[in-house]
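Listed below, chain by chain, are the residues.
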Amino acid sequence: MPVPPASSAEPNPRRPAPSGLWRNADFRRLWVGQTASQLGEHASLVVLPLLAVLTLHASAGQLGVLRAVGQAPILLLSLFAGAWVDRWRTRTTMVLTDVGRALALAAVAAAGLLGGLGMPGLLALAFAVGALSVFFDVAYQASLVRLVERDHLVRGNSALEGSRSAAQIGGPALGGALVSLLSAPIAAASSAGFFALSFLSIRRIRGAETMPERPDEPPPIRLRIYEGLRFVVGDPVLRVVCLASAAFQFSFAAMMTVYLLFLPRELHLSGTVVGLALAAAGPGALLGSLLAARLPSRFGHGTVLVCAATLGDGVFLCVPALHGASAVTIPALLTAGFVFGFGGQLVNVTVMAVRQAVTPHGLQGRAAATITFAGMGLTPLGSLAGGFLAGEWGLRTGLLVTAAGMLLSPVVMALSPLARLGRELPAPHDLPPAAGRTRSPDSIRET
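As the structure is a prediction and not an experimental result, all values here were calculated from the model.

### Topic: the overall build of the chain
Then comes step 1: Broken down by element type, the chain carries 17 helices and two strands.
Then comes step 2: Burial status across the chain gives 51% buried among its 447 residues.
Then comes step 3: Total accessible area on the chain stands at roughly 19000 Å², and carbon and sulfur atoms take up 68% of it.

Here you go:
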């Protein structure tokens, strides 16, 4: 039986009144900080590999290790980050991670300029930046629920995901331009500046966060992680979100492995055109973010989820049929990328709003981290599966099979309670009882 939403608790005189979303000064500060942080993060994903190649003359194998080390914290630390965020102010977590990433990139820049940077040091700093980014990403998702009214969740997620999409487009391009115009070490210092800007904006958040009460004797962190896993697995809506995310991430990783081979080898496209085909998802994602603020309240959250996932994931079924002149294939690839980005972002924003709505305040971070862990944890296996299929069955067949596999995600959603969600967001769901809990995680306090 659903518990009353957090907004039904005692009114907080310091919390912004339920006026327009953009009149909430703390949301504006969060949006500016999150946008700057995402720009710095996505720029560094290009700057650090280029620094390794241009300054340290890294081999292909070393570059692969560098990328893997930077991505490893998603698997290693997501669950821990969720448990951490649920016990501390998200503002504090975001400010500390911004400072840490700025210092790490400043250290990279200084060591590079002074000639003291080696591959072991770069690997350590790349891991540090990746680890701090995991904590920041979990914290900013939980912070929205604590800072804005329930009725503004979809619009707030739309704004935050829109800025993240813009950063995914502009960040890598900006990082590459900085390396070309200046140098790789100076580009790393410039990336640190984005995290400093995020720090300056987020530290100005003044509103009290609606937070769960801390028990007198907090359970060990492994039990808090288990409680988050148990809640997600036991909740019918979040369980489906987890399964759909895992199915998508596995199939998408497999499809992208084949796709990146298919474009240059089967369609004989240049590296520039391949980059354009991949970048086409960005403008589509921006449009999806804008429409995600309106479509669910008009057509229903379940309808938008199933239709957007079917459209975005299904469009790649057309790609294996492409042959012939680039005058036909390039516009088709750009269209496919745009549609994929549009549908995918509609799903991302809507799912995030649903997840935030049904999750009690005391489990926001752990729920987000659990779903991220379950989805992203299968990407290495998906990449291996894609390479195997491409080698055994050929590029066209492999691409067709992996693209069809992406449709597992909307099928899972269509056969689940997610498809029946209406125009209103669902109420928070009950938390299963846990031994040793002294207070309900749904009880809130202001800090």
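### Topic: the side chain of D26
Then comes step 1: In this fold, D26 is placed in helix α1 (residues 25-54).
Then comes step 2: Side-chain polar atoms of D26 contact the backbone nitrogen of R206, separated by 3.0 Å.
Then comes step 3: If we ignore the near neighbours within four places in the chain, the residues touching D26 are R204, I205, R206 and G207.

### So, a positive patch on the surface
Then comes step 1: There is a patch of like positive charges on the surface, built from R28, R203, R204 and R206.
Then comes step 2: Tracing the chain through its elements places R204 in the loop between α6 (184-202) and β1 (210-212).

### Quick look at a nonpolar patch on the surface
Then comes step 1: A cluster of nonpolar side chains, namely L113, L114, L181, L182 and I186, defines an oily patch on the protein surface of about 570 Å² accessible area.
Then comes step 2: Topologically, L181 is positioned in helix α5 (residues 153-181).
Then comes step 3: Look at L181 and you get exposed, because its relative accessible area is 71%.

### Some details on helix α10 (residues 281-291)
Then comes step 1: When we look at burial in α10, the residues that qualify are A281, G282, G284, A285, G288 and S289. The buried residues of α10 occupy an angular sector of 160° when projected down its axis, which confines them to one face.

Cut-offs used in this document
- Counting from 1, residues in each chain are numbered in the order their sequence is written.
- Two thresholds apply to this predicted model, a pLDDT of at least 70 for residue-level local features and 80 or more for giving and counting side-chain atom pairs, whereas whole-chain, interface and lining totals are computed over all residues.
- Hydrogens are left out, water is left out, and the side-chain values use all remaining heavy atoms of the structure.
- Going along the chain from the N terminus, every DSSP run of H or I of four or more residues is numbered as a helix, and every run of E of two or more is numbered as a strand.
- Exposure classes here rest on a 1.4 Å probe applied to the protein chains alone. A residue is buried below 20% of its type maximum, exposed above 50%, and partly exposed in between.
- Areas reported here follow the Shrake-Rupley algorithm with a probe of radius 1.4 Å; residue values treat only the protein chains shown as occluding.
- N or O atoms closer than or at 3.5 Å make up a polar contact, with two conditions inside protein: a donor-capable atom paired with an acceptor-capable one, and, for residues adjacent in sequence, both atoms drawn from side chains.
- We call two residues in contact whenever any of their non-hydrogen atoms come within 4.5 Å of each other.
- The residues that make up patches have over 30% relative accessible area and no salt bridge, and they are joined within 9 Å when like-charged or within 5 Å when they are Val, Leu, Ile, Met, Phe, Trp or Tyr.
- Within this document, salt bridges are pairs made up of a side-chain nitrogen of Lys or Arg and a carboxyl oxygen of Asp or Glu, the two lying within 4 Å of each other.
- When charges are counted, neither His nor the chain ends are considered; positive counts come from Lys and Arg and negative counts from Asp and Glu.
- To locate a charge, take NZ of a lysine, CZ of an arginine, CG of an aspartate or CD of a glutamate.
- In this description, the arc belongs to the directions extending from the helix axis to the C-beta atoms.

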